Amino acid sequence: ESRPEPFSVVIDGPNVAYSRQNFEGGCFSYHQIELVRQKLLAQGQHALVMLPWKYLQPVIPNHARFQPTAQTQAAFSKHEVTAEEQAIIDQWAAEEALSVSPLGANDDWYWMMASVAGDGLVAVVSNDLMRDHRLALLEPRPFLRWKS
């Protein structure tokens, strides 16, 4: 049995998906994640997309920071996954390029662990400043060294 190629980059899926989506109609973007993944593949990288379980459901939450009016709140709070978006997810799964954190788990811990669990240096694509994780770690200096 062949093993999948080790990944060289971990993509923080929600962070990439919500980047620049703070406008009316902005939402979680599977296409945006796939664009980043394709760019990395073109550079010879093997990318792993990390997603929380909730983003693999038929209807997903929309946490874009756009502030809808009271009348449009319901329309912007959920997003129904399209067939095209589902095909992207299915492709990631078929290529063993998808890792899913369990329901209720903080997905950030999973991509942080994936970045240090491999044999070599693994990069992370995210603009998460990790302010909420720094205090949870016992030794802040090694964390700050890893983060840079």
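The coordinates are above.
Residues numbered from 1 in each chain as written. Predicted model: local features only at pLDDT ≥ 70, side-chain atom pairs only at ≥ 80, totals over all residues. Heavy atoms only, no water.

Visitor: If you had to explain the pattern of salt bridges to someone new, which residues and values would you point to?
Guide: In total, this model carries 2 salt bridges according to the counting rule given. Between Arg 37 and Glu 34 there is a salt bridge whose closest N-O contact spans 2.8 Å. Remark: Glu 34 and Arg 37 occur in helix H2 (residues 30-42); sequence separation between them is 3 residues, near one turn of the helix. In this pair, the class of Arg 37 matches that of Glu 34, namely buried. What makes Arg 37 buried here is its relative accessible area of 2%. Within this structure, Glu 34, Arg 37 and Glu 95 form a network of salt bridges that share partners. (Salt bridge = Lys/Arg side-chain N within 4 Å of Asp/Glu carboxyl O. Helix = DSSP H or I, 4+ residues; strand = E, 2+ residues; numbered from the N terminus. Buried < 20%, exposed > 50% of the residue type's maximum accessible area, 1.4 Å probe, protein only.)

Visitor: Got a sec to walk through the environment of Leu 41? Specific residues and values, please.
Guide: Here Leu 41 is to be found in helix H2. According to the relative accessible area criterion, Leu 41 is partly exposed, its value standing at 33%. In this structure, the C-alpha to C-alpha distance between Leu 41 and Val 9, residues 32 residues apart in sequence, is 9.9 Å.

Visitor: Please give an account of the sheet that holds strand E2 (residues 47-52) that cites residues and values.
Guide: On the basis of which strands lie adjacent, the open sheet formed by 4 strands has the order E5-E2-E1-E6 and parallel pairing. Each edge of the sheet is formed by a strand with only one pairing partner; in this case those strands are strand E5 (98-101) and strand E6 (123-125). The sheet shows a mean angle of 25 degrees between the axes of neighbouring strands, direction not considered. In the sheet, E2 pairs with E5 via 4 bridges, with the strands oriented parallel. The partner of Met 50 across the bridge, within E5, is Ser 99. The sheet strands contacting H2 are strand E1 (9-12), E2 and E6, and the helix crosses E2 at an angle near 160 degrees. (Pairing = 2+ DSSP bridges. Axes fitted to C-alpha atoms, helices over the stretch in contact; angles between N-to-C directions. Contact = heavy atoms within 4.5 Å.)

Visitor: Mind laying out unusual backbone geometry, listing which residues take part and the relevant values?
Guide: Here Glu 96, not a glycine, exhibits a phi torsion of approximately 55 degrees, which is positive. With respect to the helices and strands, Glu 96 occurs in the loop between helix H4 (83-94) and E5.

Visitor: Go over the pairing of E2 with me, naming the residues and quoting the values.
Guide: Among the 6 residues that make up E2, 6 are buried, leaving the element largely enclosed by the rest of the structure. Alternating positions in E2 separate into two faces, Ala 47, Val 49 and Leu 51 on one and Leu 48, Met 50 and Pro 52 on the other, with burial throughout. Two elements, E1 and E2, share 4 bridges in a ladder whose sense is parallel. Within E2, the position partnered with Asp 12 by the bridge is Met 50.

Visitor: So what's going on with the side chain of Glu 34? Which residues, and what values?
Guide: For Glu 34, a relative accessible area of 10% translates into the label buried. Looking at Glu 34, its side chain comes within polar contact range of the side chain of Gln 38, at 2.5 Å. Each residue touching Glu 34, except ones within four places of it in the same chain, is listed here: Ile 88, Gln 91 and Trp 92. (Polar contact = N/O pair within 3.5 Å; in protein donor to acceptor, adjacent residues only side chain to side chain.)

Visitor: Explain the nonpolar core residue by residue, including any values.
Guide: Counting residues in hydrophobic clusters, the biggest one holds 19 residues, and the most contacted among them are Ile 11, Phe 28, Tyr 30, Ile 33, Val 49, Leu 51 and Trp 92. Filtering out sequence-adjacent residues up to four positions away, Tyr 30 remains in contact with Leu 51, Tyr 55, Ile 60, Val 81, Glu 85, Ile 88, Ile 89 and Trp 92. Within the second largest apolar cluster, 7 residues are counted, among which are Leu 48, Trp 111, Met 112 and Ala 114. (Core = buried A, V, L, I, M, F, W, Y, C linked by side-chain atoms within 4.5 Å.)

Visitor: Give a detailed account of a nonpolar patch on the surface, specifying residues and quantitative values.
Guide: Where nonpolar side chains cluster on the molecular surface, the patch consists of Trp 53, Val 100 and Leu 103 and spans about 290 Å² of accessible area. By the secondary structure assignment, Val 100 is in strand E5. (Patch = residues over 30% accessible without salt bridge, like charges linked within 9 Å, V, L, I, M, F, W, Y side chains within 5 Å. Areas by Shrake-Rupley, 256 points an atom, 1.4 Å probe, with all protein chains shown as cover.)

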